[in-house]
Amino acid sequence: MFRGIVESTDRTMVVCGVTGEFNKFGSGEMNLWLARISLDDGTLVSEMIFPGRNGTIANLGSDWIVVHDRFTSGIKSNFAATRLTADFERTWTTPIPVSPMTAFHNRLLVTKDGRILVVGDAPTQVRFIELDAEGQMLNITRTPNFDPFSPRHFEIVDDMIVVALEDYEDSKFTAGLAAFSVDSILKNGVQ
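Residues numbered from 1 in each chain as written. Predicted model: local features only at pLDDT ≥ 70, side-chain atom pairs only at ≥ 80, totals over all residues. Heavy atoms only, no water.

## Regarding the environment of Asp-113
Phase 1 of the analysis: Inspection of the secondary structure assignment puts Asp-113 in the loop between strand 9 (107–110) and strand 10 (116–121).
Phase 2 of the analysis: For Asp-113, a relative accessible area of 54% puts it in the exposed group.
Phase 3 of the analysis: Separated by 46 residues in the primary sequence, Asp-113 and Asp-159 place their C-alpha atoms 9.9 Å from one another. (Helix = DSSP H or I, 4+ residues; strand = E, 2+ residues; numbered from the N terminus. Buried < 20%, exposed > 50% of the residue type's maximum accessible area, 1.4 Å probe, protein only.)

## Observations regarding the side chain of Arg-83
Phase 1 of the analysis: Positionally, Arg-83 belongs in strand 7 (residues 79–84).
Phase 2 of the analysis: At 2.9 Å, the side chain of Arg-83 and the side chain of Asp-63 are in polar contact. (Polar contact = N/O pair within 3.5 Å; in protein donor to acceptor, adjacent residues only side chain to side chain.)

## Comments concerning the nonpolar core
Phase 1 of the analysis: Counting residues in each nonpolar core, the largest one holds 15 residues, and the members touching the most others are Leu-117, Val-119, Val-126, Phe-128, Ile-161 and Val-163.
Phase 2 of the analysis: When residues of this core are traced back to their parent elements, those giving at least two are strand 10, strand 11 (126–131), strand 14 (160–169), strand 15 (172–181) and helix 1 (182–188).
Phase 3 of the analysis: Core analysis: the next-biggest nonpolar cluster, separate from the first, contains 14 residues, Val-18, Leu-34, Met-48 and Ile-57 among them. (Core = buried A, V, L, I, M, F, W, Y, C linked by side-chain atoms within 4.5 Å.)

## Observations regarding the sheet that holds strand 13 (residues 150–157)
Phase 1 of the analysis: One open sheet accounts for three strands, arranged 13-14-15; its pairing is antiparallel. In this open sheet, the two edge strands, each paired with only one partner strand, are strand 13 and strand 15. Across the sheet, the axes of successive neighbouring strands diverge by a mean angle of 20°, strand direction being ignored.
Phase 2 of the analysis: Bridge count between strand 14 and strand 15: ten bridges; the pairing is antiparallel. For Asp-167, the partnering residue across the bridge sits in strand 15 and is Thr-174. (Pairing = 2+ DSSP bridges. Axes fitted to C-alpha atoms, helices over the stretch in contact; angles between N-to-C directions.)

## Some details on the sheet that holds strand 6 (residues 63–69)
Phase 1 of the analysis: One open sheet accounts for four strands, arranged 5-6-7-8; its pairing is antiparallel. This sheet does not close on itself; its edge strands, each paired only once, are strand 5 (53–60) and strand 8 (90–95). Strand-to-strand twist in this sheet, taken as the mean axis angle between neighbours without regard to direction, amounts to 20°.
Phase 2 of the analysis: Here five bridges tie strand 7 to strand 8, and the two strands are oriented antiparallel to one another. Residue pairing across strands places Thr-82 opposite Thr-93, the latter belonging to strand 8.

## Quick word on the side chain of Thr-12
Phase 1 of the analysis: On the secondary structure map, Thr-12 appears in strand 2 (residues 12–20).
Phase 2 of the analysis: There is a polar contact of 3.4 Å between the side chain of Thr-12 and the side chain of Arg-36.
Phase 3 of the analysis: Contacts of Thr-12, omitting those with residues within four sequence positions, involve Glu-7, Arg-36, Ile-37, Ser-38, Leu-39 and Val-45. (Contact = heavy atoms within 4.5 Å.)

## Looking at the environment of Arg-36
Phase 1 of the analysis: By the element assignment, Arg-36 lies in strand 3 (residues 30–38).
Phase 2 of the analysis: Using a relative accessible area of 10% as the deciding quantity, one classes Arg-36 as buried.
Phase 3 of the analysis: Look past the residues within four positions of Arg-36 in its chain and what remains in contact with it is Asp-10, Thr-12, Met-13, Val-14, Thr-43, Leu-44, Val-45, Ser-46, Ala-86, Asp-87 and Phe-88.

## A look at the pairing of strand 3
For a regular strand, the rule is simple: side chains alternate between the two faces of the sheet.
Phase 1 of the analysis: Most of strand 3 sits inside the fold, with seven of its nine residues counted as buried.
Phase 2 of the analysis: When strand 2 meets strand 3, the two strands line up antiparallel, connected through nine bridges. What sits directly across from Val-15, in strand 3, is Ala-35.
Phase 3 of the analysis: Across seven bridges, the pairing between strand 3 and strand 4 (residues 44–51) is antiparallel. The residue of strand 4 that forms the bridge with Ile-37 is Leu-44.
Phase 4 of the analysis: Where strand 3 folds back onto strand 4 in an antiparallel hairpin, the turn is made up of five residues, including Gly-42, whose phi is positive at roughly 75°.

Read these as geometric descriptors, not functional statements.
Next comes the structure, spelled out in structure tokens:
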């Protein structure tokens, strides 16, 4: 299962995925798999496998930030952010308080000025956990309530965070978008 692909500054890309032995329902013991692949000829440059699941990846300069669940199976979660060098050596790991966020909709975003945002959905809100480049937690905030909508996807476009929303009730599907200034939501979000 692939969870993300990011391009590097050295003509490689890193694929973030999950490997392991899965049953027909997609559950089982999982490991996070990172593979650095040459964009010139498609060869495997390096790879790293470590216990975990539900990883997502982003560039931070020439390094990588990976947010992942350190549990390998089950329904509980223990999320962390890990900074890796270009050669996949760990620089730091910081625990991420995700409750009540769900593991399947977490995203990792890096702003133009190098702030690391772990973005995840609660039932009708979006939570933001801000880290600095050294892994220190700076801020936890959330958007206003989107009820009855549920947030499902997040992207940074210029200096805005765009949130895709959906609602499904009585066989009727409704979708929408919300957009926030990164600075505005981090400074003025609901505490």
